[in-house]
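Below are the chains, spelled out letter by letter.
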Amino acid sequence: MAEFSLALNDDQIQLRDWVHEFAKDVIRPAAEEWDEREEFPWPIVEEAAKIGLYGMDFMANAMLADATGLTLPVAIEEMFWGDAGIGLSIMGSGLAAAGIAGNGTPEQLMEWVPQCYGTADDVKLGAFCVSEPDAGSDVSSLRTRAVYDEAKDEWTLNGTKAWITNGGIANVHVVVAAVDPELRGRGQASFIVPPNTPGLSMGQKYKKHGIRASHTSEVVLDDVKVPGSCLLGGKEKLDEKLARAREALTKPQVESSGKQPAMATFEATRPAVGAQAIGVARAAYEYALEYAGERQAFGKPIIMNQAIAFMLADMITEIDAARLLVHRAAWLSRNGTYVNAEGSMSKLKAGRVAVWVTERAIQILGGYGYTREYPVERMHRDAKIFDIFEGTEQIQQLVIGRAISGRRIE
Ligand SMILES: Cc1cc2nc3c(=O)[nH]c(=O)nc-3n(C[C@H](O)[C@H](O)[C@H](O)COP(=O)(O)OP(=O)(O)OC[C@H]3O[C@@H](n4cnc5c(N)ncnc54)[C@H](O)[C@@H]3O)c2cc1C
């Protein structure tokens, strides 16, 4: 186990600076255009793939070859400092990859994760499909059904997924579905829907408040047939899990099965989402700091007023506090001592900080901050997503409340 330290090593510093350069030279100059277009920024993601920033190797190196867990959040913060919508377009496939890594066998991981990314010359995407029109926070109520035909060793999926990042434009869709609805969250499983599978289509594409470069849409599953090998983790493991869950229903003293597949993925990815929020907050803070040093009012730069300087002091203090929580959670996650609430704490804090800091940045820029001519307006719209996806603010509080009390707070 690595010594607990939040100091970055030479490799991490080099990686951070490399991602920062790309964010400064490529992502940031493109941010306004793709926000206005509300389209997936293919040319930017392709450029990221060419330099090795988008792809399986980048994710594998950042996650596996790092005993500290800090490499990924450090890289993500820089990317989202560039722009959140484009940052999510680069990182979105990582959620599908995490869903496969968290629930699949090593063979499934080797087969499907590369297909979530494609190659530098032929970029592909992955999508992780959990949420539904009537089941967002309440993941245990999924209506998408998976029915098994033993004779054909084939699953049939039916349902509609909502709010899916890269939904319908991805090569690989990882779909969480109910196998035994009576067991609710314990009766679910994850499936790979391979490229070009008949019956999977894109539903409505959402018009969003922020992160507008990132593609978000419904995914419709209409009699989608996938072979038995597409069940992540395999049938034997699923049958054992279902048997334990059924026994637990009748005998409450029996320990139920493992975690819900979607939850296992989100737990692992929360510090990364916290890092995204910090990137946006830092970008807005830096912009406001520079502006406050230049903008003159009453014959002096506005930063010469304590009201402005103290606001900036609070902003950087909050950003640093949130980053420390994110890095702690990332370190604990990597070193196996993660008890979940740390990940939720980091995401809860970082999301709130991003919303608050970006709002303060608008305040510091005054009327200019409220216009689309200045980027803090976009950053504020972007920041709100961190209070919502991968577990809302209230769901993080619920997870933390349960962890600290040992009780099933509702
Ligand atoms: C841009 C974007 C991208 C997304 N990408 C993906 C993706 O790639 N894959 C995917 O599967 N999903 C994705 N989502 C879905 C996202 O995870 C859900 O929107 C989120 O989990 C909230 O679910 P909901 O929208 O149904 O809200 P609800 O669950 O309906 O919540 C509404 C409100 O009620 C509160 N609430 C709900 N239950 C409780 C409770 N028990 N206690 C207290 N308060 C509660 C919530 O905090 C919230 O304030 C995305 C969403 C967005 C907006």
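Our structure is the block above this text.
The structure contained in this document is the topic of the report that follows. Keep in mind that this is a model prediction, so the values were computed, not measured.

**Notes on the pairing of strand β1 (residues 126-129)**
Consecutive residues of a regular strand have side chains that alternate between opposite faces of the sheet.
Then, in step 1: In β1, alternate side chains face the same way, and those of Gly 126 and Phe 128 on one face and Ala 127 and Cys 129 on the other are all buried.
Then, in step 2: Pairing geometry for β1 and strand β4 (residues 172-178), over four bridges, is parallel. Across the sheet, the residue bridging to Ala 127 is His 173, located in β4.

**Remarks on the site of the ligand**
Then, in step 1: Taken together, 22 residues lie around the ligand, and Val 130, Gly 136, Ser 137, Thr 392 and Gln 394 are the ones closest in.
Then, in step 2: Elements represented by at least two residues in the shell around the ligand include exactly β1, β3 (154-165) and α13 (393-405).
Then, in step 3: A per-class count over the shell around the ligand returns 12 nonpolar, seven polar and three charged.

**Quick word on the nonpolar core**
Then, in step 1: Membership of the largest hydrophobic core comes to 112 residues, with the highest contact counts inside it found for Phe 191 and Ala 281.
Then, in step 2: Per-element tally for this core: the top contributor is helix α9 (residues 261-294), with 13 residues.
Then, in step 3: Those residues within four positions of Ala 281 in sequence are excluded, and the remaining contacts are Ile 319, Val 353, Ala 354, Val 357, Thr 358 and Ala 383.

**Here we look at the packing of helix α1 (residues 10-37) against helix α4 (residues 71-82)**
Then, in step 1: Put simply, α1 and α4 touch, their axes get as near as 8 Å, and they point 20° apart. Classified by the angle their axes make, α1 and α4 are roughly parallel. You can see that α1 and α4 cross each other, and the crossing is right-handed. Two secondary-structure elements touch here, α1 through Gln 12, Leu 15, Arg 16, Val 19, His 20, Ala 23, Lys 24, Ile 27 and Arg 28 and α4 through Thr 71, Val 74, Ala 75, Glu 78, Met 79, Trp 81 and Gly 82.
Then, in step 2: A class-by-class count of the residues in the contact of α1 with α4 yields eight nonpolar, four polar and four charged.

What counts, and where the lines are drawn
- Residues numbered from 1 in each chain as written.
- Predicted model: local features only at pLDDT ≥ 70, side-chain atom pairs only at ≥ 80, totals over all residues.
- Buried ≥ 20, exposed ≤ 12 C-beta atoms within 10 Å, placed from the backbone.
- Helix = DSSP H or I, 4+ residues; strand = E, 2+ residues; numbered from the N terminus.
- Pairing = 2+ DSSP bridges.
- Near = placed C-beta within 6 Å.
- Nonpolar A, V, L, I, M, F, W, Y, C, P; charged D, E, K, R; others polar.
- Core = buried A, V, L, I, M, F, W, Y, C linked by C-beta atoms within 7 Å.
- Contact = placed C-beta atoms within 7 Å.
- Axes fitted to C-alpha atoms, helices over the stretch in contact; angles between N-to-C directions.
- Parallel < 35°, antiparallel > 145°, perpendicular 65-115°, else oblique.
- Left-handed = near helix turned anticlockwise from the far one by under 90°.

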